[in-house]
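# Fold and geometry: a report
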Amino acid sequence: MSTATRRDRTPDSHLFPTRPYDLVREFVIAAITMVVLTVALAAVFSSPDEHAITLSAWAKAAPADVVATATAELAGTTTSAGYGAPYNTAAEGQKLGPLALQKWAGVRIPVDSANDLVISPLRQAAAGDPTLTNALATWTSAPVAQQASWAGDYSDALTKAPDGDPAKVAAGSYGPVPQLAASYLSLARTGALQSELTSGAFYPTDQTKPLLLLADGAYLEDQARAEHLGGDQWGMMNETGNYPGQPWMWLYTFWYQIPPFSTSSNADALVWGVMAVLTLGLILLPFIPGLRALPRHLGVHKLIWRASR
Amino acid sequence: MSSADTGAVTGTETGSATGTDTGAPTGAATRSWTVRFRSWLTRAVPEGQWLPDRQPAYVRSWVYVFGVVTLAAFLVVLLSGLVLAVGGAAWWHVSRVGHFVNSTHLWSVQLFFFCMVIHLWGKFFMAAWRGKRALTWITGTVAFVGSIGTAFTGYLSQSNFDSQWISTQAKDGLNSIGVGAYFNVLNPGQMLLWHVMLLPLVVGILVVLHIVLVRRHGVVPPFDAEPPAPIHGVEAPDDGPAAAQASQVPGAQVPPLPAQQSAAAERSEVAR
Amino acid sequence: MWVLLSSPGAVLPRAARYVHWGVVQISLTNLLIIAAMLAVFVLALLLPFPADRKSERRERSGVQR
């Protein structure tokens, strides 16, 4: 008991002289002020709402990107194909020092990029299309190494073609890949790809596959960078147009801009680790010697508790 | 904790007084879960401290209003969110009225964070965790972090370009520490439920706990402030020491100013 | 009124403005919000808090509320 008294000498606030203070009036005035400010700001500035990019809109706006992405999925060279947990086992994933948290969490949302994002939707669309059916049969019966070689070569050829235009690709041994990619583009253009990627669900609430596919392409990122939303543009704090974003994310965003985080392949895990430590520090500030004494030395309290009259 | 102790006594008295309604003798009251729960509640925040009409005289700065202002902004966030929920997830994309309600939701969130951060700054510079108020600080900062998470899931629930970009970017951070395996930002159905149900519930409970703790412990006194010595011969009224002080010092003056002697400062430095 | 006022981009121009300062890149809007927070905090510290002088005077003169 006496130890506790010695450790914290701050007296009970109820022992001090008091003066009238109308908490309810303060709350009502605060509430009215907040409602008026909110309505005024909403009326004057509105809020942003840029339409979602549909797979059909993507196919119409950037057909070459859809073809390149589908080919890269088949070649296994996209971000999602080589991601690791929680989608697949293609990579070890990020580590926080010795802690392989990403891997340990396991493959809980399985995504086999080539099959789930490209082949399976094409198979659903193949009925009544003998050319596509044949291309799919050729692909499926080929050994994995052959598949990788066809798709890899076509992918490289697309990169070299002017504007990535499939029509201008140099001749080569690409197997059924050009046919698969072309069919994929028309499937995307019609809008059918969208529902096929959500397993044809009547109530699709999970957009993991369409979003992974979109993120594997270049179009989504191009649109975001144009809006200054890129990771290395402090994008996490930003919003489309001139709207306020999440200014409270400044510290989290900051770490990504400086070494070692900006150059590390473990950047996400490292930044999350740093932020976890700092957040714990903020929460447990009352127990951290030195830091908890800071407010006394900073002296701002002298302004708050000055004799006002 | 003299105030809480006083409350406990008051609680027990109230308990035995109302206990007669059930015809139970006073001795049996301790076995009644109802009476024990009631006296626990009364001990948590003694009557008269829930909504006091007086505050310590040192509560005299605009910085103090930002707690209540943040609470008001939080309620506007909840209210605009409730209205936004009426028309469903896609309403605001197709209706002018819905879009306006969405705008009020966005700006109320901006105001909420605006006020909450000023409140946080103010409480930091007061070292408002002193005097057994650590849990008040902890509930406040956890509510702040929880609010960031809630706002984040709001961005993911917009079902527009923002949601697409933010979710595909944020997945990498969450996956890198294994959280993404369970909290899938690419699943807007999951994110919407977290945004409108689970996280607001958590933040709401934290806010209630935070306010209960603030009311229970009162406003933190200035550094090194000493309460005036009690006046002998004056009996404290039933409703606690605050009221007792009020009756002793009717026209409360400026609070006792912090003792600026370095010795005193050093002493309490060690003490904290 | 809503029809007129709530159209997106009615007031805020489409092309956003950004402030670059070394490694820091921040949108003008976010910067203004942070500056406003600091300004409001400083004002809250400096402006005198209006006391409820009437009821305090009443108490001093012993009048019951």
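Residues numbered from 1 in each chain as written. Chains lettered and ligands numbered in written order. Predicted model: local features only at pLDDT ≥ 70, side-chain atom pairs only at ≥ 80, totals over all residues. Heavy atoms only, no water.

### Considering the overall build of chain A
For clarity, the cut-off: Only DSSP runs of H or I covering at least 4 residues are called helices, and only runs of E covering at least 2 are called strands; the numbering of each starts at the N terminus. The size measure is the radius of gyration over C-alpha atoms, and the globule rule it meets is 2.2 Å times the number of residues to the 0.38 power. Burial status follows relative accessibility: with a 1.4 Å probe on protein chains alone, a residue under 20% of its type maximum counts as buried, one over 50% as exposed, and anything between as partly exposed. The contact criterion used is simple: two residues touch if any of their non-hydrogen atoms lie within 4.5 Å. Accessibility throughout is a Shrake-Rupley quantity obtained with a 1.4 Å probe, and a residue counts as covered only by protein chains that appear here. Charge convention: Lys and Arg are scored as positive, Asp and Glu as negative, and His as well as the terminal groups of each chain are ignored. Charge positions are represented by NZ for Lys, CZ for Arg, CG for Asp and CD for Glu.
Helix and strand counts for chain A come out as 16 helices and one strand. Taking 19 Å as the expected radius of gyration for a compact globule of 309 residues, we find that chain A reaches 28 Å, considerably beyond that expectation. Seen through its principal axes, chain A has C-alpha atoms that stretch 90 × 50 × 40 Å. Out of the 309 residues belonging to chain A, those deemed buried represent 49%. A fraction of 51% describes how many contacts in chain A between residues 6 or more apart in sequence connect residues 24 or more apart. Carbon and sulfur atoms form 62% of the exposed surface of chain A, whose accessible area is close to 14,400 Å². Of the charged side chains in chain A, 20 are positive and 25 negative; the average position of the first set lies 19 Å away from that of the second.

### Examining the confidence of the model for chain C
Spelled out, the test is: pLDDT runs from 0 to 100 and stands for how confident the predictor is about each residue.
When pLDDT is averaged along chain C, the result is 73; 54% of the residues meet or exceed 70. Prediction confidence for the complex, expressed as pTM and ipTM, is 0.85 and 0.93 respectively.

### Quick word on the packing of aromatic side chains
Residues and elements named next belong to chain A. Our working definition: Any two rings among Phe, Tyr and Trp, with Trp reduced to its six-membered ring, count as a pair given centres within 6.5 Å; such a pair is stacked if its planes are under 30 degrees apart, edge-to-face if over 60, and tilted if neither.
The tally for this structure, following the rule as stated, stands at 24 aromatic pairs over all chains. Ring centres of Tyr-252 and Trp-272 lie 5.8 Å apart, and the angle between their planes is 80°; this geometry places the pair in the edge-to-face category. Taken together, the residues Tyr-252 in helix α13 (residues 250–255) and Trp-272 in helix α14 (residues 267–283) connect sequence positions 20 residues apart. Take Trp-272: its relative accessible area is 29%, and that puts it in the partly exposed class.

### A word on the nonpolar core
Considering soluble globular proteins, one finds that nonpolar side chains tend to be buried as a cluster. Operational definition: In this text, buried Ala, Val, Leu, Ile, Met, Phe, Trp, Tyr and Cys residues form a nonpolar core when linked through side-chain atoms within 4.5 Å.
Ranked by size, the top nonpolar core spans 136 residues in total, and within it A:Trp58, A:Leu74, A:Leu180 and B:Phe113 carry the most contacts. Considering each element in turn, this core owes the most residues, 15 residues, to helix α5 (residues 96–125) of chain B. If we skip the residues at most four places from it in the chain, B:Phe113 touches A:Trp248, B:Phe144, B:Ser147, B:Ile148 and B:Ala151.

### Description of the environment of B:Leu82
In this fold, B:Leu82 is placed in helix α3 (residues 65–86). With 146 residues separating them in the primary sequence, B:Leu82 and B:Pro228 have C-alpha atoms 48 Å apart.

### What to know about the side chain of A:Ser13
To be explicit about the condition: Side-chain atoms alone can form a polar contact between residues adjacent in sequence; in general such a contact is a pair of N or O atoms within 3.5 Å, and within protein one must be able to donate a hydrogen while the other accepts it.
Mapped onto the elements, A:Ser13 comes out in the loop between α1 (2–7) and β1 (18–20). Only 3.1 Å separates the side chain of A:Ser13 from the backbone oxygen of B:His217, close enough to count as a polar contact. Excluding anything up to four places from it in sequence, A:Ser13 contacts B:Pro56, B:Tyr58, B:Arg133, B:His217, B:Gly218, B:Val219 and B:Pro221.

### Description of the interface of chain B and chain A
Formally: By convention, the term buried area covers the 1.4 Å-probe accessible surface removed from two parts as they join, with the contributions of both added. Any Lys or Arg side-chain nitrogen located within 4 Å of an Asp or Glu carboxyl oxygen qualifies as a salt bridge. Polar here means any residue other than Ala, Val, Leu, Ile, Met, Phe, Trp, Tyr, Cys and Pro, which are nonpolar, and Asp, Glu, Lys and Arg, which are charged; Gly is therefore polar. Two strands are said to pair when DSSP picks up at least two bridges between them.
On the chain A side, the residues contacting the 116 residues of chain B number 98 residues. Carbon and sulfur atoms supply 66% of the area buried between chain B and chain A, which totals about 9,800 Å² over both sides. On the chain B side of the contact with chain A, B:Trp107, B:Phe161 and B:Trp165 bury the most area, a combined 8% of that side's loss. The interface formed by chain B and chain A contains two salt bridges. Note that B:Glu226 and A:Arg9 form a salt bridge whose closest N and O atoms lie 3.1 Å from each other. In the side of chain B that touches chain A, the residues fall into 66 nonpolar, 34 polar and 16 charged. In this structure, β1(A) lies alongside strand β1 (residues 54–56) of chain B, joined through three bridges in antiparallel fashion. Its bridge partner lying in β1(B), A:Thr18 is registered against B:Pro56.

### Comments concerning the packing of helix α4 (residues 63–75) of chain A against helix α9 (residues 177–190) of chain A
Two packed helices can be described by the angle between their axes and the distance between those axes. Residues and elements named next belong to chain A. Worth spelling out the cut-off: Axis definition: a line fit to C-alpha positions, over the contact stretch in the case of helices; interaxial angles, taken between N-to-C directions, run 0 to 180 degrees. For classification purposes, angles smaller than 35 degrees are called roughly parallel, those larger than 145 roughly antiparallel, those between 65 and 115 roughly perpendicular, and all remaining angles oblique. Crossing handedness follows the turn of the near helix against the far one: under a right angle anticlockwise gives a left-handed crossing, and clockwise gives a right-handed one.
At a minimum axis separation of 9 Å, α4 and α9 run at an interaxial angle of 125°. It follows that α4 is oblique to α9 by the angle criterion. Considering the relative orientation of α4 and α9, their crossing is right-handed. Residues Pro-63, Val-66, Val-67, Ala-70, Thr-71 and Leu-74 of α4 touch α9, and the partners they reach there are Val-177, Leu-180, Ala-181, Tyr-184, Leu-185, Ala-188 and Arg-189. Of the residues that constitute the contact of α4 with α9, the class distribution is 11 nonpolar, one polar and one charged.

### A short note on helix α2 (residues 28–46) of chain C
To be explicit about the condition: An expected span of 1.5 Å times one less than the residue number is assigned to each helix. The directions from the helix axis to the C-beta atoms form the arc being described.
Counted at 1.5 Å a residue, the expected span for α2(C) with its 19 residues is 27 Å, and the 27 Å between its end C-alpha atoms agrees. Every buried residue belonging to α2(C) is among C:Thr29, C:Asn30, C:Ile33, C:Met37, C:Phe41, C:Ala44 and C:Leu45, and all of these are buried. Taken down its axis, α2(C) places every buried residue within 155° of arc, on the same side. The elements touched by buried residues of α2(C) are α16 (301–304) of chain A, α3 and α5 of chain B together with β2 (24–27) of chain C.

### Remarks on the side chain of A:Ser113
Within the secondary structure, A:Ser113 sits in helix α6 (residues 113–125). If we ignore the near neighbours within four places in the chain, the residues touching A:Ser113 are A:Glu73, A:Thr78, A:Ser80, A:Ala81 and A:Val118.

### Quick look at the pairing of strand β1 (residues 18–21) of chain C
All names here are of chain C. Looking at chain direction, β1 and β2 are connected through four bridges and run antiparallel. Directly across from His-20, in β2, lies its bridge partner Gln-25. Between β1 and β2, which pair antiparallel in sequence order, lie two residues; one of them, Gly-22, sits at a positive phi of approximately 60°.

### Some details on the pattern of salt bridges
Residue and element names in this part refer to chain A. Using the criterion set out here, one finds six salt bridges over all chains in the structure. Residue Lys-103 is joined to Glu-92 by a salt bridge in which the shortest nitrogen-to-oxygen separation is 3.2 Å. Here the residue Lys-103 occupies a position in helix α5 (residues 101–105), and Glu-92 occupies one in the loop between α4 and α5, the gap between them amounting to 11 residues. Close ionic contact of Asp-165 with Lys-168 constitutes a salt bridge, the shortest N to O distance being 3.8 Å.

### So, helix α8 (residues 188–217) of chain B
Residues and elements named next belong to chain B. Which entries qualify depends on this criterion: Fitting one axis to the seven residues ending at a residue and another to the seven starting there, the bend at that residue is the angle between the two axes.
In this model α8 runs 41 Å from its N-terminal to its C-terminal C-alpha over 30 residues, within 8% of the 44 Å that 1.5 Å per residue would give. In α8, a bend of some 45° at Trp-194 exceeds every other bend along the element. Where α8 begins, the capping side chain belongs to Asn-187, and its oxygen is found 3.1 Å from the backbone nitrogen of Gly-189. A positive phi of about 75° marks Gly-218, the residue just after α8.

### Considering the confidence of the model for chain A
Put simply, chain A has an average pLDDT of 92, and 96% of its residues get 70 or more. Considering only residues more than four positions removed or in separate chains, one finds that residues 1–6 of chain A, a stretch of pLDDT under 50, has one contact.

### Examining a nonpolar patch on the surface
Residues and elements named next belong to chain B. Let me state the cut-off plainly: Two distance rules govern patches: like charges are joined within 9 Å, and nonpolar side chains (Val, Leu, Ile, Met, Phe, Trp, Tyr) within 5 Å, applied only to residues with over 30% relative accessible area and no salt bridge.
Side chains of Leu-193, Val-196, Met-197, Leu-198, Leu-201, Ile-205 and Leu-209 sit close together on the surface and give an oily, nonpolar patch of about 640 Å² of accessible area. If you trace the backbone, Ile-205 turns up in helix α8. Using a relative accessible area of 47% as the deciding quantity, one classes Ile-205 as partly exposed.

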